[in-house]
Amino acid sequence: MERNSAACAMQWSIELEKGLRSKKPGRSAEAILQFGPRLQQWSREPEPSSAAHHLFDLIPGEDRLFANAILLRLADTFRLGDDHIRRCVVKVFLSEYRCREKRKGYKGLLSKERVENQSELLTRVKFVFDNGDGNSRALALVIFGCWADFAKDSAHVRYLVLSSFVSSHALEAKAALFAAGCFCEVSDDFPCIVLELLVNLMTSSETSLPIKLAGARVFSKMGYSYSIANRAYKTGLKLLVDSLEEDYQIALLVSLSKLASTSTMLTSDQVEFLFSFLSQENTIRVRTTTLRCLCFIFSKGLCHFSVGPNLVQALFSTLDEPALPSNIQCEALWILRKMLLYMLPSLPSNILDLSKLLSIAENASPSLFMSKSLLATRVLVDMSIKFKEHGDLGSGLFCSSPTLSQLISLIINRITLLMKPLFDLGQADVVALKEVNNLLYLLLLMVGEHPELIALVLDQISTFIRNISNMHDIITTTQADILRHEKGMAMRLKVACKLHRFLLTFLENLSEAGTINMVVYDKVKLLVKQICEGNLFDCYTQTIYSLLLHSRVIWHHKLDESEDSCIFDRNSGMLLDNCSVGQELVSFKFAKKVLAENMNWSAYRVGSFSVCQGAWFVATFIFQQLITQVHSESCSCWLKSLFQFACSEAKLTLSLLTKRSSSLVDWLETMEFPLTLLRKDLGEMDLDGADNLNEPNYGKVLLGAYNSTCSSKETLETAFTVGQSFCFQKWFLFLRAKVLRAVVDVLDTLETIPFVSESSSINEEVGKSFMVQCLQRIVQISLRLKRIAEEFDLVGASFIDIDNKSAKIISGLALSCSLVAFITGFTLFVPNLPTASIARCPESSENILRAYLVQNLAGRLWQTDRKTSEKLCQLIDLREQPDKRFCLLSGNQVFNISSEAREVIVLCSHAVSRIACLKIEAAREQSEENITGITKDGLKLTFEILMKWMEIPFRTPKYFFRLRPSIGSELFAENVSEATNGLHISPGQHLSLSLCLQLKNLPLQSTKLYCMLRCGVSSIERKEEQCRSGFQAWETDEMVEMNKELFRYVTESESSSDNTMNINKRGCGSDDDREFVNSFVCFKLNERGIGFSGCSLDVSGFPTGSYRIKWHSCCVDNQSNYWSLLPLNAGPVFTIQ
């Protein structure tokens, strides 16, 4: 547990005192400056609560005592020290002042409420002012300004500040103006006095220019209230208009812009006023400052004002003016873009000078740090998107195909122009590569709004690849410098990798929009052929490009239009083809070359990409080869785990490749894949003849995959027992294994029923009791799967830094589990089936079970397949939308299903329709014979859906290969009433805890943290368990339920109008005859992500023994998104004795 500033106060005080007493030269100044960052940290932290006092064993008021001692010691040092020491003290307080959040109510260490001996501090500084020279008086005035929150109330200090305005010592006068500005920020009456004095000072002919400039800066600090700001703004405006001094005008322009940004009512006036300074009558410096002031205002998001066409024309006029520096013209472009985003709907079309923008984008120099061409291109792209959004607004102006085509060509030509010097010289240019990324991003934006440009973009990319190939040909025939040639090749490979990432995102976006067709497929195939058949690119680049065609994102759309080389089951919606098999053959050959050339890191990247693309044979082979190439034990274990995981999925892929047009063994031999490796590591399958794998036993296949997945997880757990390494990977493998185990159990149960298989004859003598037992078993598995789906939701909500694509894949896996849970629980939806006396479970009512299964699936389908969702609701006669709060969603989930999950959605629709038919048939036919037949049909449907479900490729999120420390939280607790170590209470007492919750590995995104604590009679802890290591949060049985309750509490807290941070909630209940108590706690975090609070658990009814408190926490980010936080340590253990 990290110590806060209050806990460190005594140590800091001692260290400061030792430093100041040291006789070592320079040690005193070093000790003073060392306290600067500590003062900033201390000032940003709230005052410690009673819980913090108890956790750090502090006496109430102890931190204030030491803070007062430190401040007095610094004031004494300022009073008695020399000029250098005084400057060091001023630096400390000035650094704290500059780090404050202005105009938000200062509550730091130097606030009026937290400083005890205000008069003593002011007296020590006034001593220096009264007895020192001009420099000393200036330093004293600066300190008064830093202490403005309490110094403003001293009449004598006010007089000193105001009287120093007219000091003959320039430094003293400027320091007085600085202090006056600080006082104006926190006072409602002082600005009025300062304003009158400022006018006299600024208009006096005797006032020097440096003093006027310092006085101009005071205007920016007069935003305490709107009335003061308005008066100061008008006064400053008059001074600016009446002045002819350029430096003075510039200072007032900046100061008034800062003042106007504090009020939306002043912003509009200031923007119009600033545009009046853009005319060519003003000097370059004034116009440059004007543009920077406009950038400042727009960067604050203050764009909600009416801007006329004249202002747009004024900006356009600056774009081609040679007298203005290029960086200033870039700022003008940036402002123009911001304005057009808000003004375009109401802007006359004749105002937009598109030809000038196109000319800038084409002719701007590529060497600028801030690319003028890029900004002009961005403006054009944004305009095209805005025109598309507003329909006929730009129908005759911009949305014509030639203009859009010209813009795409411009982007590709710009990329070529940026890259050609790098290819020729072989030098890396970070700025140029960054601009290439930005230009490719603009292409994605354009295609997203204009799908008709897809083919053109792909053609242009192919042309670009062909052009850089021609550059290579020229270089190889005319250049003799081999080293430069190799560096140029390295740059080409970098660009090729950027293009690959662009194409991957490009195709995923098209798949989401459903705009991939045969034309797109053929062009992507041609582009990949260009890369793979040429000699320009290395085998790594060729491998990752070849894997593009393996992805279902690209080739499953081909199946909708062509079935020449593919098998497509129209009834099931399943995609069973040899297209991906053929592509994996190509990828495998390139991957072998990567390994043969000892490109181990590149091979690892290929393996990772293969896993994400579902090329399991390539991944298995690569990871198996890499295990022996690493020397680090941790790396070896990670690769071994990946190999075992890839093996588990390769088993399933192998089983699904049976019954195809070509023999599997022939295919493997063509692929030159080691058959001994397959037979040894991919498990044994039932053979239908000599080496003919045509009838796999799916139960055994799934069981083998389950065992391999468990081995993969155990490898990680064994190798990484300390800390919370590989949390996502372990949790993901844990859930995958649970899914496979559940499906294995379902298939095992179905195999005991003879009439499930189509090839088996129906045994009419199967007893009713045996039927009931089988159905009960399947329903229990259904509940397990429903819980696994919720655990997948929790995974998506527990990793704040997860990328959007990975979050979609997690949501798709949750949907997949929810579907299997629904279909295996079919007996709950069909009336009159023999399902009485379902085994005991937390939801003992069949009505509740039905509602849970329906809500679990319908809520996920509500945004993507409303029709199927409504059909689901009809199964249980719901008359309203399903409760979407049953599942916890992170900010980037919102039931966002990836395009690959459409196959699951199709299967959901099919399953729901069939179940609805069975329900109707069961309601119409009441005889026992018909009910038995309907039961058989339902079991056959379950088996059918499971077989189709297995044919849907399993997706692994890219986040699986992110190996940084896990984001989460740690909880620390102490007994309020116990002075000794440990948590001990007597029987019949409540447990009162002081709590500390600390964020780990996460920049602070929210000041609110919520935590739920739970303890039950069944949570009794054995002594050997108390010393355990390797805590795994996801193995906690109650994690999902606790997260649900915490989400409900947070929702109520966030929506309530009287939300109070210090009000905690307690509760108790029972679950399956197990008594438990709950407590909900709110934490207010400091800047380091540490919060303190307290709670009480009513354990008075618990018997003697040791109990572990289970806990779960969450946060709400700045966008009001709920995020679960992974518990990184086990809950505290308390003892009743």
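Note that the structure is a prediction, hence the values are computed from the model and not measured.

**What to know about the overall build of the protein chain**
Here's step 1: For the protein chain, the count of helices and strands is 43 helices and 13 strands.
Here's step 2: The proportion of buried residues among the 1137 residues of the protein chain is 56%.
Here's step 3: A separation of at least 24 residues holds for 76% of the contacts in the protein chain among residues at least 6 apart in sequence.

**Remarks on the side chain of K713**
Here's step 1: Structurally, the position occupied by K713 is in helix 34 (residues 698-719).
Here's step 2: On the basis of relative accessibility, which here comes to 10%, the residue K713 falls in the buried class.

**Points about empty space enclosed by the protein**
Rolled over the atoms, a probe sized like a water molecule indicates the empty space that remains.
Here's step 1: The final tally for this structure, using the stated rule, is nine cavities of 30 Å³ or more.
Here's step 2: F726, C727, F728, Q729, F799, Y959, R962, L963, R964, P965, S966 and I967 are the residues that line the second largest cavity.
Here's step 3: Split into classes, the residues belonging to the lining of the second largest cavity amount to eight nonpolar, two polar and two charged.

**Observations regarding the pairing of strand 11 (residues 1110-1116)**
Here's step 1: Buried residues dominate strand 11, accounting for six of its seven residues.
Here's step 2: Once strand 11 ends, the chain turns through five residues before running back antiparallel as strand 12 (residues 1122-1127), passing S1120 with a positive phi of about 65°.

**Side note on unusual backbone geometry**
Here's step 1: A positive phi angle is found at D57, which is not glycine, with a value near 55°.
Here's step 2: Phi at N598 is positive, roughly 60°, even though this residue is not glycine.
Here's step 3: By the element assignment, N598 lies in the loop between helix 28 (579-596) and helix 29 (600-613).
Here's step 4: Its relative accessible area of 58% is what places N598 among the exposed residues.

**Regarding the pattern of salt bridges**
Here's step 1: For the coordinates displayed, the defined rule picks out 41 salt bridges.
Here's step 2: When the shortest N-O distance is used, the salt bridge between R1088 and E45 registers 3.3 Å. Highlighted residues: R1088 in the loop between strand 8 (1074-1084) and strand 9 (1090-1097) and E45 in the loop between helix 2 (27-44) and helix 3 (50-55), separated in sequence by 1043 residues.
Here's step 3: The partly exposed category is assigned to R1088, whose relative accessible area is 28%.
Here's step 4: Given a relative accessible area of 5%, E45 falls into the buried group.
Here's step 5: Within this structure, K786, E790, E1041 and K1044 form a network of salt bridges that share partners.

**Quick word on the packing of aromatic side chains**
Here's step 1: Tallied over the full model, the rule gives 31 aromatic pairs.
Here's step 2: Within the aromatic cluster, the residues linked to one another by ring pairs are W616, W638, F645, F726, F728, W731, F732, F799, F954, Y959, F960 and F961.
Here's step 3: The ring of Y706 has R741 sitting right over it, with the charged end atom 5.2 Å from the ring centre.
Here's step 4: Just above the ring of Y852 sits the side chain of K1044; from NZ or CZ to the centre is 6.0 Å.

**Section: the packing of helix 2 against helix 5 (residues 83-98)**
Here's step 1: The geometry of helix 2 relative to helix 5 is characterised by a closest axis approach of 8 Å and an angle of 15° between their N-to-C directions. Taken as axis vectors, helix 2 and helix 5 run roughly parallel relative to one another. The chirality of how helix 2 crosses helix 5 is right-handed. In this structure, helix 2 uses S28, A29, I32, L33, F35, G36, L39, Q40 and S43 to contact helix 5, whose residues at the interface are H84, I85, C88, V89, K91, V92, F93, S95 and E96.
Here's step 2: Taken together, the residues of the contact of helix 2 with helix 5 break down into 10 nonpolar, six polar and two charged.

**Topic: the pairing of strand 9**
Here's step 1: Counting buried residues in strand 9 gives seven out of eight residues, a clear majority hidden from the surface.
Here's step 2: As paired elements, strand 5 (residues 991-1000) and strand 9 share eight bridges and run antiparallel to each other. Its bridge partner lying in strand 9, Q998 is registered against I1090.

**Re helix 1 (residues 5-21)**
Here's step 1: The terminal C-alpha atoms of helix 1, which comprises 17 residues, lie 23 Å apart, in line with the 24 Å expected from a rise of 1.5 Å per residue.
Here's step 2: Its axis deflected by about 30° at Q11, helix 1 carries its strongest bend there.
Here's step 3: Of the residues making up helix 1, those classed as buried are S5, A6, A7, C8, A9, W12, S13, L16, G19 and L20.
Here's step 4: Residues of helix 1 that are buried in the fold lie against helix 2 and helix 4 (62-80).

**What to know about the sheet that holds strand 13 (residues 1133-1136)**
Here's step 1: What the three strands build is an open sheet, ordered 4-13-10; its pairing is mixed. In this open sheet, the two strands that pair with only one neighbour each are strand 4 (983-985) and strand 10 (1105-1108). Across the sheet, the axes of successive neighbouring strands diverge by a mean angle of 25°, strand direction being ignored.
Here's step 2: Examined bridge by bridge, strand 4 and strand 13 share three bridges and lie parallel to one another.

**Quick word on the packing of helix 4 against helix 6 (residues 118-131)**
Here's step 1: At a minimum axis distance of 8 Å, the contact between helix 4 and helix 6 shows a crossing angle of 10°. On the basis of the axis angle, helix 4 is roughly parallel to helix 6. Judged by residue contacts, L71, L72, A75, D76, F78 and R79 of helix 4 engage E120, L121, R124, V125, F127 and V128 from helix 6.

**Overview of the layout of surface pockets**
Here's step 1: If you add up the space inside the second largest pocket, you get close to 970 Å³.
Here's step 2: As for the second largest pocket, its lining consists of 29 residues, of which R501, L504, F609, C612 and K958 are closest to the centre.
Here's step 3: The set of elements that each furnish at least two residues to the lining of the second largest pocket consists of helix 24 (482-513), helix 26 (539-546), helix 29 and helix 37 (804-824).
Here's step 4: When the residues that make up the lining of the second largest pocket are grouped by side-chain class, the tally is 12 nonpolar, seven polar and 10 charged.

**Here we look at the environment of E790**
Here's step 1: By the element assignment, E790 lies in helix 36 (residues 768-798).
Here's step 2: Given the relative accessible area of 6%, E790 is considered buried.
Here's step 3: Sequence-wise, E790 and L815 are 25 residues apart; in three dimensions their C-alpha atoms are separated by 9.5 Å.
Here's step 4: At 2.9 Å, the side chain of E790 and the side chain of K1044 are in polar contact.

**Side note on helix 12 (residues 209-218)**
Here's step 1: Restricting attention to buried positions, one finds in helix 12 the residues I211, K212, A214, G215, A216 and V218.
Here's step 2: Elements that come into contact with the buried residues of helix 12 comprise helix 10 (170-186), helix 11 (190-203) and helix 14 (246-260).

**Side note on the confidence of the model for the protein chain**
Here's step 1: Looking at the protein chain as a whole, the pLDDT averages 81, with 79% of positions reaching at least 70.
Here's step 2: Scored below 50 in pLDDT, residues 659-663 makes six contacts in the model with residues more than four places away or belonging to other chains.
Here's step 3: Note that pLDDT drops below 50 for residues 836-844; the model gives that stretch 20 contacts with residues more than four away or on any other chain.

**Focus: the side chain of E717**
Here's step 1: Counting through the fold element by element, E717 comes out in helix 34.
Here's step 2: In terms of polar contacts, E717 uses its side chain to reach the side chain of K713, at 2.5 Å.
Here's step 3: Once residues lying within four places of it in the same chain are set aside, the contact partners of E717 are K730, Q1032 and E1035.

**With respect to the state of the cysteines**
Here's step 1: This model, assessed by the stated rule, comprises zero disulfides.
Here's step 2: Of all cysteine sulfurs in the structure, the one in C1095 sits closest to C1011, which takes part in no disulfide; the separation is 8.0 Å.
Here's step 3: Residue C1082 stays outside any disulfide, its sulfur separated by 9.0 Å from that of C1114, the closest cysteine.

**Some remarks on the environment of N1086**
Here's step 1: Position of N1086 relative to the elements: it lies in the loop between strand 8 and strand 9.
Here's step 2: Along the backbone, N1086 and K1008 are 78 residues apart, and their C-alpha atoms lie at a distance of 9.8 Å.
Here's step 3: From its side chain, N1086 meets the backbone nitrogen of R1088 in a polar contact 3.0 Å long.

**Some words on the environment of A148**
Here's step 1: Positionally, A148 belongs in helix 8 (residues 148-151).
Here's step 2: Between the alpha carbons of A148 and A180 there is a distance of 8.8 Å; along the sequence they are 32 residues apart.
Here's step 3: Once residues lying within four places of it in the same chain are set aside, the contact partners of A148 are C182, F183 and V186.

Reading the values: rules and limits
Residues numbered from 1 in each chain as written. Predicted model: local features only at pLDDT ≥ 70, side-chain atom pairs only at ≥ 80, totals over all residues. Heavy atoms only, no water. Helix = DSSP H or I, 4+ residues; strand = E, 2+ residues; numbered from the N terminus. Buried < 20%, exposed > 50% of the residue type's maximum accessible area, 1.4 Å probe, protein only. Contact = heavy atoms within 4.5 Å. 1 Å grid on protein atoms, 1.4 Å probe; cavity = no way out; pocket = protein on both sides within 12 Å on 5 of 7 lines; lining within 4 Å. Points joined across faces, edges and corners; volume = space filled by probe spheres on them. Nonpolar A, V, L, I, M, F, W, Y, C, P; charged D, E, K, R; others polar. Pairing = 2+ DSSP bridges. Salt bridge = Lys/Arg side-chain N within 4 Å of Asp/Glu carboxyl O. Phe/Tyr/Trp six-rings, centres within 6.5 Å; stacked < 30°, edge-to-face > 60°. Lys NZ or Arg CZ within 6 Å of the ring centre and 35° of its normal. Axes fitted to C-alpha atoms, helices over the stretch in contact; angles between N-to-C directions. Parallel < 35°, antiparallel > 145°, perpendicular 65-115°, else oblique. Left-handed = near helix turned anticlockwise from the far one by under 90°. Expected span 1.5 Å × (residues − 1). Bend = angle between axes of the 7 residues up to and from the residue. Polar contact = N/O pair within 3.5 Å; in protein donor to acceptor, adjacent residues only side chain to side chain. pLDDT = per-residue confidence, 0-100. Disulfide = S-S within 2.5 Å.

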